[in-house]
Amino acid sequence: METNPLSDRLEILSVRLLDEERPRVNELRQLAGQLGLEFGWHYLLDLTWTLRHLGPAAGKMLMDAGAGTGIIQWYLAQHGGTVYSVDRLDRSALPLRLRAHTRVRGLRAEDLLSTPAVMAHDRFATRTGAARPKRFFRNLQALVVGLWPRRGGEVILYNQDLMTLEDLDDDSLDAVVSISSLEHNTPENLEKVVSELLRVLKPGGSILATLCTAGQKDWYHEPSNGMCYSAASLKRIFQLPADLPDNFDRYNTLMDELRDCAELRDNLAAFYSRSGHNGMPWGRWEPLYQPVGVIKTKA
Ligand SMILES: C[S@@+](CC[C@H](N)C(=O)[O-])C[C@H]1O[C@@H](n2cnc3c(N)ncnc32)[C@H](O)[C@@H]1O
(Lines give C-alpha, C1' and ligand atoms only; values in the text may rest on other atoms or scores of the structure.)
Protein backbone atom coordinates (compact mmCIF):
# COMPACT_ATOMS: atom_id res chain seq x y z
CA MET A 1 0.00 0.00 0.00
CA GLU A 2 1.50 3.34 -1.11
CA THR A 3 1.37 6.24 1.37
CA ASN A 4 3.62 9.26 1.81
CA PRO A 5 6.38 8.62 4.36
CA LEU A 6 5.78 10.34 7.71
CA SER A 7 8.13 13.11 8.82
CA ASP A 8 10.28 12.52 11.89
CA ARG A 9 8.65 14.07 14.95
CA LEU A 10 9.13 14.53 18.68
CA GLU A 11 6.42 16.13 20.83
CA ILE A 12 5.02 16.13 24.33
CA LEU A 13 1.36 15.12 24.03
CA SER A 14 -1.16 17.83 24.86
CA VAL A 15 -4.45 17.10 26.64
CA ARG A 16 -6.09 19.08 23.84
CA LEU A 17 -5.93 15.84 21.84
CA LEU A 18 -8.96 14.64 23.82
CA ASP A 19 -11.18 17.32 22.27
CA GLU A 20 -9.48 17.34 18.89
CA GLU A 21 -9.93 13.55 18.56
CA ARG A 22 -13.31 13.21 20.33
CA PRO A 23 -14.86 10.62 17.92
CA ARG A 24 -11.77 8.42 18.29
CA VAL A 25 -11.78 8.83 22.10
CA ASN A 26 -15.40 7.66 22.14
CA GLU A 27 -14.63 4.72 19.86
CA LEU A 28 -11.66 3.67 22.03
CA ARG A 29 -13.72 3.91 25.22
CA GLN A 30 -16.43 1.78 23.65
CA LEU A 31 -13.94 -0.85 22.46
CA ALA A 32 -12.22 -0.95 25.88
CA GLY A 33 -15.63 -1.55 27.47
CA GLN A 34 -16.37 -4.41 25.06
CA LEU A 35 -12.99 -6.04 25.67
CA GLY A 36 -12.88 -5.48 29.43
CA LEU A 37 -9.68 -3.39 29.20
CA GLU A 38 -8.70 -0.34 31.26
CA PHE A 39 -6.64 2.63 30.12
CA GLY A 40 -3.39 3.72 31.71
CA TRP A 41 -3.76 7.28 33.02
CA HIS A 42 -2.41 9.00 29.87
CA TYR A 43 -3.18 6.27 27.30
CA LEU A 44 -6.01 8.14 25.57
CA LEU A 45 -3.42 10.77 24.63
CA ASP A 46 -0.93 8.16 23.44
CA LEU A 47 -3.56 6.25 21.46
CA THR A 48 -5.21 9.22 19.75
CA TRP A 49 -1.85 10.76 18.83
CA THR A 50 -0.60 7.47 17.37
CA LEU A 51 -3.76 6.74 15.40
CA ARG A 52 -3.94 10.31 14.08
CA HIS A 53 -0.46 10.02 12.57
CA LEU A 54 -0.65 6.38 11.47
CA GLY A 55 -3.66 6.90 9.22
CA PRO A 56 -5.84 4.03 7.93
CA ALA A 57 -4.78 0.56 9.09
CA ALA A 58 -6.58 -1.47 6.42
CA GLY A 59 -4.22 -3.62 4.36
CA LYS A 60 -1.14 -2.62 6.37
CA MET A 61 1.42 -4.95 7.96
CA LEU A 62 1.93 -3.55 11.45
CA MET A 63 3.61 -4.30 14.75
CA ASP A 64 2.44 -3.38 18.23
CA ALA A 65 5.76 -3.30 20.11
CA GLY A 66 5.39 -4.07 23.82
CA ALA A 67 1.74 -4.87 23.16
CA GLY A 68 0.76 -6.74 26.33
CA THR A 69 -2.99 -7.15 25.89
CA GLY A 70 -3.30 -3.40 25.18
CA ILE A 71 -6.09 -1.97 23.11
CA ILE A 72 -4.33 -0.64 20.01
CA GLN A 73 -3.67 -4.09 18.51
CA TRP A 74 -7.41 -4.97 18.70
CA TYR A 75 -8.34 -1.55 17.33
CA LEU A 76 -5.96 -1.85 14.36
CA ALA A 77 -7.10 -5.40 13.53
CA GLN A 78 -10.73 -4.28 13.76
CA HIS A 79 -9.84 -1.61 11.20
CA GLY A 80 -8.36 -4.17 8.80
CA GLY A 81 -4.66 -4.22 9.76
CA THR A 82 -2.50 -7.31 10.23
CA VAL A 83 -0.77 -6.78 13.57
CA TYR A 84 2.28 -8.57 14.96
CA SER A 85 1.72 -8.30 18.70
CA VAL A 86 5.16 -8.48 20.32
CA ASP A 87 5.86 -8.65 24.04
CA ARG A 88 8.45 -10.41 26.19
CA LEU A 89 5.63 -11.59 28.47
CA ASP A 90 4.16 -15.04 27.90
CA ARG A 91 0.63 -14.36 26.62
CA SER A 92 0.01 -17.88 25.30
CA ALA A 93 -3.09 -18.28 27.50
CA LEU A 94 -4.63 -15.14 25.98
CA PRO A 95 -8.10 -14.60 27.51
CA LEU A 96 -11.00 -15.94 25.49
CA ARG A 97 -12.86 -12.63 25.52
CA LEU A 98 -10.04 -11.18 23.37
CA ARG A 99 -10.09 -14.19 21.01
CA ALA A 100 -13.85 -13.77 20.75
CA HIS A 101 -13.37 -10.27 19.37
CA THR A 102 -10.51 -10.68 16.91
CA ARG A 103 -8.93 -13.45 14.87
CA VAL A 104 -5.68 -14.30 16.71
CA ARG A 105 -2.91 -16.78 15.95
CA GLY A 106 0.57 -17.45 17.29
CA LEU A 107 3.60 -16.76 15.12
CA ARG A 108 5.18 -19.94 16.52
CA ALA A 109 3.33 -22.90 18.04
CA GLU A 110 4.36 -21.85 21.58
CA ASP A 111 3.06 -18.29 21.22
CA LEU A 112 -0.63 -19.20 21.60
CA LEU A 113 -2.35 -22.13 23.32
CA SER A 114 -5.31 -23.46 21.37
CA THR A 115 -8.72 -22.03 22.23
CA PRO A 116 -10.06 -25.44 23.41
CA ALA A 117 -7.03 -25.78 25.75
CA VAL A 118 -7.75 -22.39 27.30
CA MET A 119 -11.48 -23.23 27.48
CA ALA A 120 -10.67 -26.41 29.41
CA HIS A 121 -8.53 -24.44 31.85
CA ASP A 122 -11.15 -21.71 32.11
CA ARG A 123 -13.84 -24.25 32.95
CA PHE A 124 -12.04 -25.23 36.15
CA ALA A 125 -10.83 -21.78 37.09
CA THR A 126 -12.55 -20.44 40.18
CA ARG A 127 -12.35 -16.74 39.31
CA THR A 128 -13.24 -16.08 35.70
CA GLY A 129 -15.21 -12.92 36.35
CA ALA A 130 -17.94 -13.88 33.89
CA ALA A 131 -21.32 -15.38 34.75
CA ARG A 132 -21.95 -18.88 33.37
CA PRO A 133 -24.29 -18.19 30.41
CA LYS A 134 -22.21 -15.19 29.38
CA ARG A 135 -19.07 -17.34 29.55
CA PHE A 136 -20.64 -20.06 27.43
CA PHE A 137 -21.49 -17.65 24.60
CA ARG A 138 -18.14 -15.91 24.83
CA ASN A 139 -16.32 -19.25 24.58
CA LEU A 140 -18.43 -20.29 21.63
CA GLN A 141 -17.69 -16.98 19.97
CA ALA A 142 -13.94 -17.45 20.59
CA LEU A 143 -14.09 -20.83 18.87
CA VAL A 144 -16.06 -19.53 15.90
CA VAL A 145 -13.84 -16.47 15.39
CA GLY A 146 -10.80 -18.79 15.43
CA LEU A 147 -12.29 -21.09 12.79
CA TRP A 148 -13.71 -18.36 10.56
CA PRO A 149 -11.92 -17.91 7.20
CA ARG A 150 -9.53 -14.95 7.30
CA ARG A 151 -11.34 -11.69 6.68
CA GLY A 152 -10.09 -8.20 7.50
CA GLY A 153 -7.44 -7.89 10.13
CA GLU A 154 -5.81 -10.27 12.54
CA VAL A 155 -3.43 -10.27 15.49
CA ILE A 156 -0.36 -12.51 15.41
CA LEU A 157 1.12 -13.08 18.87
CA TYR A 158 4.91 -13.21 19.18
CA ASN A 159 6.15 -13.55 22.77
CA GLN A 160 9.66 -12.26 22.28
CA ASP A 161 12.01 -9.50 23.38
CA LEU A 162 12.03 -6.57 20.96
CA MET A 163 15.84 -6.62 20.90
CA THR A 164 15.86 -9.89 18.94
CA LEU A 165 13.03 -10.32 16.45
CA GLU A 166 14.69 -13.20 14.61
CA ASP A 167 11.40 -14.57 13.23
CA LEU A 168 10.60 -11.36 11.35
CA ASP A 169 12.13 -10.55 7.96
CA ASP A 170 14.02 -7.39 7.05
CA ASP A 171 11.95 -4.67 5.32
CA SER A 172 8.63 -6.43 5.98
CA LEU A 173 6.40 -4.02 7.95
CA ASP A 174 4.64 -0.75 7.05
CA ALA A 175 4.69 0.66 10.58
CA VAL A 176 5.45 -0.13 14.21
CA VAL A 177 3.29 1.38 16.94
CA SER A 178 4.25 1.26 20.59
CA ILE A 179 2.11 2.55 23.44
CA SER A 180 3.97 3.43 26.64
CA SER A 181 6.23 0.38 26.53
CA LEU A 182 9.71 1.33 25.39
CA GLU A 183 10.42 3.40 28.52
CA HIS A 184 10.73 0.08 30.36
CA ASN A 185 14.17 -0.36 28.81
CA THR A 186 17.58 1.04 29.69
CA PRO A 187 19.03 3.47 27.13
CA GLU A 188 21.47 0.78 25.92
CA ASN A 189 18.73 -1.80 25.42
CA LEU A 190 16.40 0.76 23.86
CA GLU A 191 19.05 1.54 21.23
CA LYS A 192 19.09 -2.16 20.35
CA VAL A 193 15.28 -2.24 20.20
CA VAL A 194 15.20 0.76 17.84
CA SER A 195 17.79 -0.83 15.50
CA GLU A 196 15.76 -4.03 15.41
CA LEU A 197 12.51 -2.17 14.72
CA LEU A 198 14.20 -0.25 11.88
CA ARG A 199 15.51 -3.53 10.44
CA VAL A 200 12.01 -5.04 10.11
CA LEU A 201 10.42 -1.84 8.72
CA LYS A 202 10.13 -1.33 4.97
CA PRO A 203 12.03 1.72 3.68
CA GLY A 204 9.64 4.65 4.19
CA GLY A 205 7.93 2.84 7.10
CA SER A 206 7.80 4.44 10.55
CA ILE A 207 8.07 3.76 14.25
CA LEU A 208 5.31 5.66 16.10
CA ALA A 209 6.14 5.30 19.78
CA THR A 210 4.89 6.95 22.92
CA LEU A 211 7.14 7.04 25.99
CA CYS A 212 7.47 9.28 29.05
CA THR A 213 9.42 12.43 29.73
CA ALA A 214 10.13 14.58 32.77
CA GLY A 215 11.70 17.39 30.71
CA GLN A 216 15.34 18.12 30.06
CA LYS A 217 16.90 15.37 32.22
CA ASP A 218 16.65 11.58 32.10
CA TRP A 219 14.88 10.40 35.23
CA TYR A 220 13.85 6.99 36.53
CA HIS A 221 10.32 6.81 37.94
CA GLU A 222 10.70 4.01 40.45
CA PRO A 223 6.99 3.23 41.17
CA SER A 224 6.29 2.49 37.50
CA ASN A 225 9.76 1.05 36.80
CA GLY A 226 10.02 3.36 33.80
CA MET A 227 12.55 5.79 32.38
CA CYS A 228 11.51 9.34 31.61
CA TYR A 229 13.72 10.40 28.71
CA SER A 230 14.90 13.91 27.83
CA ALA A 231 14.53 15.34 24.32
CA ALA A 232 18.27 14.91 23.72
CA SER A 233 18.20 11.24 24.75
CA LEU A 234 15.13 10.49 22.64
CA LYS A 235 16.74 12.12 19.60
CA ARG A 236 19.93 10.12 20.08
CA ILE A 237 18.21 6.78 20.80
CA PHE A 238 15.72 7.10 17.91
CA GLN A 239 18.39 8.37 15.50
CA LEU A 240 16.55 11.67 14.95
CA PRO A 241 18.36 14.84 13.80
CA ALA A 242 19.70 16.78 16.81
CA ASP A 243 18.08 19.97 15.45
CA LEU A 244 14.63 18.42 14.92
CA PRO A 245 12.09 20.95 16.32
CA ASP A 246 10.24 19.78 19.45
CA ASN A 247 7.94 21.37 22.04
CA PHE A 248 9.98 20.70 25.19
CA ASP A 249 10.21 24.47 25.77
CA ARG A 250 6.46 24.25 26.61
CA TYR A 251 6.97 21.47 29.20
CA ASN A 252 5.67 23.49 32.18
CA THR A 253 2.60 24.87 30.37
CA LEU A 254 1.67 21.43 29.07
CA MET A 255 2.19 19.99 32.57
CA ASP A 256 -0.16 22.60 34.09
CA GLU A 257 -2.82 21.70 31.50
CA LEU A 258 -2.32 18.00 32.25
CA ARG A 259 -2.64 18.48 36.02
CA ASP A 260 -5.88 20.43 35.44
CA CYS A 261 -7.37 17.85 33.07
CA ALA A 262 -10.56 16.70 34.81
CA GLU A 263 -11.34 14.11 32.12
CA LEU A 264 -8.16 12.12 32.83
CA ARG A 265 -8.14 12.82 36.57
CA ASP A 266 -11.74 11.70 37.11
CA ASN A 267 -11.46 8.54 35.03
CA LEU A 268 -8.39 6.91 36.60
CA ALA A 269 -8.55 3.14 36.17
CA ALA A 270 -9.41 1.23 39.34
CA PHE A 271 -6.10 -0.68 39.41
CA TYR A 272 -4.17 2.48 40.32
CA SER A 273 -5.77 2.74 43.76
CA ARG A 274 -4.90 -0.87 44.59
CA SER A 275 -1.11 -0.39 44.65
CA GLY A 276 1.75 2.04 44.95
CA HIS A 277 3.71 0.35 42.16
CA ASN A 278 2.35 2.05 39.07
CA GLY A 279 2.34 5.37 37.21
CA MET A 280 -0.14 6.98 39.62
CA PRO A 281 0.64 5.40 43.03
CA TRP A 282 -2.46 4.66 45.17
CA GLY A 283 -4.66 6.44 42.64
CA ARG A 284 -3.66 9.96 43.75
CA TRP A 285 -3.80 12.30 40.75
CA GLU A 286 -0.31 13.75 40.75
CA PRO A 287 1.33 13.61 37.29
CA LEU A 288 5.13 13.72 37.66
CA TYR A 289 5.91 13.18 33.99
CA GLN A 290 4.21 13.50 30.62
CA PRO A 291 3.61 11.26 27.64
CA VAL A 292 5.79 12.04 24.63
CA GLY A 293 5.42 10.87 21.03
CA VAL A 294 8.24 9.94 18.65
CA ILE A 295 8.02 9.27 14.92
CA LYS A 296 11.12 7.82 13.28
CA THR A 297 10.88 7.01 9.57
CA LYS A 298 13.29 4.56 7.94
CA ALA A 299 15.20 6.08 5.06
C1 LIG B 1 3.01 -0.62 30.47
S2 LIG B 1 2.86 -2.03 29.47
C3 LIG B 1 1.98 -1.38 28.08
C4 LIG B 1 1.30 -2.46 27.31
C5 LIG B 1 0.50 -2.00 26.07
N6 LIG B 1 1.32 -1.29 25.11
C7 LIG B 1 -0.75 -1.23 26.40
O8 LIG B 1 -1.08 -0.30 25.64
O9 LIG B 1 -1.45 -1.58 27.36
C10 LIG B 1 4.52 -2.22 28.83
C11 LIG B 1 4.73 -3.53 28.10
O12 LIG B 1 5.91 -3.41 27.31
C13 LIG B 1 6.57 -4.65 27.31
N14 LIG B 1 7.98 -4.43 26.94
C15 LIG B 1 8.80 -3.42 27.36
N16 LIG B 1 10.02 -3.57 26.82
C17 LIG B 1 9.98 -4.69 26.05
C18 LIG B 1 10.95 -5.36 25.25
N19 LIG B 1 12.21 -4.94 25.16
N20 LIG B 1 10.55 -6.46 24.59
C21 LIG B 1 9.27 -6.91 24.67
N22 LIG B 1 8.33 -6.33 25.43
C23 LIG B 1 8.67 -5.23 26.11
C24 LIG B 1 6.37 -5.15 28.73
O25 LIG B 1 6.58 -6.54 28.85
C26 LIG B 1 4.94 -4.72 29.01
O27 LIG B 1 4.02 -5.74 28.69
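Criteria and thresholds
- All residue numbers here refer to positions counted from 1 along the written sequence of the relevant chain.
- Reporting in this predicted model follows two pLDDT cut-offs: at least 70 for local features of residues, and 80 or more for side-chain atom pairs to be given and counted; totals over whole chains, interfaces and linings ignore these cut-offs and use all residues.
- Helix and strand assignments follow DSSP, with helices taken as H or I runs no shorter than four residues and strands as E runs no shorter than two, numbered in order from the N terminus.
- Note on method: radius of gyration uses C-alpha positions; expected globular size equals 2.2 Å times residues raised to 0.38.
- Residue count minus one, scaled by 1.5 Å, sets the expected span of a helix.
- Residues with at least 20 neighbouring C-beta atoms inside 10 Å of their own are called buried, those with 12 or fewer are called exposed, and the rest are partly exposed, where every C-beta is derived from the backbone.
- C-beta atoms are first placed from the backbone for all residues, and any pair lying within 7 Å is then listed as a contact.
- Using a C-beta atom placed from the backbone for every residue, we mark a residue as near a molecule or strand if that atom lies within 6 Å of it.
- In this classification, Asp, Glu, Lys and Arg are treated as charged, Ala, Val, Leu, Ile, Met, Phe, Trp, Tyr, Cys and Pro as nonpolar, and every other residue, Gly included, as polar.
- Pairs of strands are assigned from DSSP output, requiring at least two bridges between the strands.

Colleague: Help me understand the overall build of the chain in this model?
Modeller: Helix and strand content of the chain: 11 helices and 10 strands. Rg of the C-alpha trace for the chain: 19 Å, near the compact-globule value of 19 Å for 299 residues, within the 12% margin. Overall, the chain is about 55 × 45 × 35 Å in size when its C-alpha atoms are taken along their principal axes.

Colleague: Please explain helix H3 (residues 43–54) as it appears in this structure.
Modeller: It helps to recall that an α-helix has 3.6 residues per turn; residues three or four apart then point in one direction. Look at H3: 16 Å from first C-alpha to last across 12 residues, which is about the 16 Å you get at 1.5 Å a residue. Along H3, the residues that are buried comprise Tyr43, Leu44, Leu45, Asp46, Leu47, Thr48, Trp49, Thr50, Leu51 and Leu54. Looking at the packing, one finds that the buried side of H3 touches helix H1 (17–20), helix H2 (22–35), helix H4 (71–78), strand S6 (173–179), strand S7 (201–213) and strand S10 (290–297). Gly55, located one to two residues past H3, shows a positive phi value of around 80°.

Colleague: I would appreciate a short explanation of the site of the ligand in the present structure.
Modeller: Looking at the ligand, there are 16 residues lining it, with Gly66, Gly68, Gly70, Arg88 and Ser181 nearest. For the shell around the ligand, the per-class residue count stands at 6 nonpolar, 7 polar and 3 charged.

Colleague: Hey, could you run me through unusual backbone geometry in this one?
Modeller: Outside of glycine, negative phi angles account for most residues, and trans bonds account for most peptide bonds. Despite not being glycine, Asn225 shows a phi value in the positive range, around 50°. Under the C-beta neighbour-count criterion, Asn225 is labelled exposed, with 12 such atoms within 10 Å. Unusually for a residue other than glycine, Trp282 sits at a positive phi of about 55°. Considering the arrangement of structural elements, one finds Trp282 in the loop between helix H11 (262–265) and S10.

Colleague: What exactly am I supposed to notice about the pairing of S7 here?
Modeller: The two faces of a sheet get side chains in turn, since along a regular strand they alternate between them. With 10 of 13 residues buried, S7 is to be regarded as a mostly interior element. Two elements, S6 and S7, share 6 bridges in a ladder whose sense is parallel. Each residue of the ladder has a partner; that of Val177, found in S7, is Leu208. Two strands pair when backbone bridges link them, and S7 and S10 are joined in this way by 8 bridges, in the antiparallel orientation. Its bridge partner lying in S10, Thr213 is registered against Gln290.

So far we have only geometry, and geometry alone does not tell us how the molecule works.
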